[in-house]
Amino acid sequence: PNFRVKVLLTVRKSYLKKKYEFLSTFKGNGHTISGLNIVNTEGVKPSTEYIGLFGYLSGTVENLKIRGTSIGGGIAGYVARAENTDVAIKDCVSYLDFNIDNNFASYIYLGGIVSLIYCGTIKNCTFEGRCNINCSKPIYFGGISGYTGATSQSCIVDSCVNNGNITASGSGSHNIAGIAAYNFSKIKECKNYGNLNGNSGVAGICCPGTTSATASI
């Protein structure tokens, strides 16, 4: 059975650090965390991507669903490999609704599943939520990831789907995409079915970068 768990995550400046990274494996076993609410109540304007259920992930999250609202992060904020660790987000679904305003100090990468993944794998993940961007700072928002990979060898996005509707407005120059808003990774067998409406860069799969992609729009 699924249990309703109310989780309130508050953005605090002291939390936006690598020392809080998660290095293990979190197995959701198909359960749903609902009532998740990622908020900013302290007036902090972060300029980093360490915002999410897992702020800094150097491990694995698998078979988990999340429901709720967020100012920016999804399953994970920043994802990168530590020494001798496997990094992956697999079989996860995000039903989060994102309302992104002027909470951020500068341009930032955000996503329905992960905000920024520097190396690792995102596989069989789906974004089913919504995103509304209305701010003056440039935002890169992808249904799956805001920023993916330094190279196609370090990061792979495989068999992921965006069903979420993403809308960007305001004076900022925003890039939005069904899968990756700024991409240097290898994208395989990914699909976008969501409605995308923006005032700058809009792409069904991925926005600028260099990529090796096998994808469906």
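Everything discussed here concerns the structure shown above.
In this report, we go over the structure that sits alongside the text. Model, not experiment: these values are computed from the prediction.

Rules and cut-offs
Residues numbered from 1 in each chain as written. Predicted model: local features only at pLDDT ≥ 70, side-chain atom pairs only at ≥ 80, totals over all residues. Heavy atoms only, no water. Helix = DSSP H or I, 4+ residues; strand = E, 2+ residues; numbered from the N terminus. Buried < 20%, exposed > 50% of the residue type's maximum accessible area, 1.4 Å probe, protein only. Contact = heavy atoms within 4.5 Å. Areas by Shrake-Rupley, 256 points an atom, 1.4 Å probe, with all protein chains shown as cover. Phe/Tyr/Trp six-rings, centres within 6.5 Å; stacked < 30°, edge-to-face > 60°. Lys NZ or Arg CZ within 6 Å of the ring centre and 35° of its normal. Pairing = 2+ DSSP bridges. Axes fitted to C-alpha atoms, helices over the stretch in contact; angles between N-to-C directions.

What to know about the overall build of the protein
Point 1. When helices and strands are tallied, the protein shows zero helices and 26 strands.
Point 2. A buried classification covers 52% of the 217 residues belonging to the protein.
Point 3. In the protein, once contacts between residues fewer than 6 apart in sequence are set aside, the share between residues at least 24 apart is 81%.
Point 4. Entry remark: accessible area of the protein is about 9,300 Å², with carbon and sulfur atoms responsible for 46%.

Let's talk about the packing of aromatic side chains
Point 1. With the rule as written, the count across this model stands at 15 aromatic pairs.
Point 2. With a centroid separation of 6.0 Å and an interplanar angle of 45 degrees, the aromatic rings of Tyr147 and Phe184 are classed as tilted. Highlighted residues: Tyr147 in strand 17 (residues 145-148) and Phe184 in the loop between strand 22 (180-183) and strand 23 (186-192), separated in sequence by 37 residues.
Point 3. Over the ring of Tyr95 we find Arg67, and its NZ or CZ is 3.7 Å from the ring centre.

Remarks on the sheet that holds strand 11 (residues 108-111)
By definition, the strands of a sheet pair up through backbone hydrogen bonds, in either a parallel or an antiparallel sense.
Point 1. Pairing within the open sheet is parallel, and its four strands lie in the order 11-16-21-25. The open sheet terminates on both sides in strands that have one partner only, identified here as strand 11 and strand 25 (201-203). Averaged over all pairs of adjacent strands, the angle between their axes in this sheet comes to 10 degrees, without regard to strand direction.
Point 2. Sheet analysis places strand 16 (residues 139-142) next to strand 21 (residues 175-177), joined by three bridges and oriented parallel.

Quick word on unusual backbone geometry
Point 1. Phi is positive for Asp91, close to 55 degrees, though the residue is something other than glycine.
Point 2. Here Asp91 shows up in the loop between strand 8 (88-90) and strand 9 (93-94).
Point 3. Backbone geometry places Glu189, a non-glycine residue, at a positive phi of 50 degrees.
Point 4. Along the chain, Glu189 falls in strand 23.

Side note on the sheet that holds strand 22
Point 1. Pairing within the open sheet is parallel, and its five strands lie in the order 4-7-12-17-22. Single-partner strands in this sheet number two, and they are strand 4 (54-57) and strand 22. Adjacent strand axes in the sheet meet at a mean angle of 10 degrees when their direction is disregarded.
Point 2. The pairing of strand 17 with strand 22 spans three bridges and is parallel. Counted as the bridge partner of Tyr147 is Tyr182 from strand 22.

All we've got here are geometric facts, nothing functional implied.
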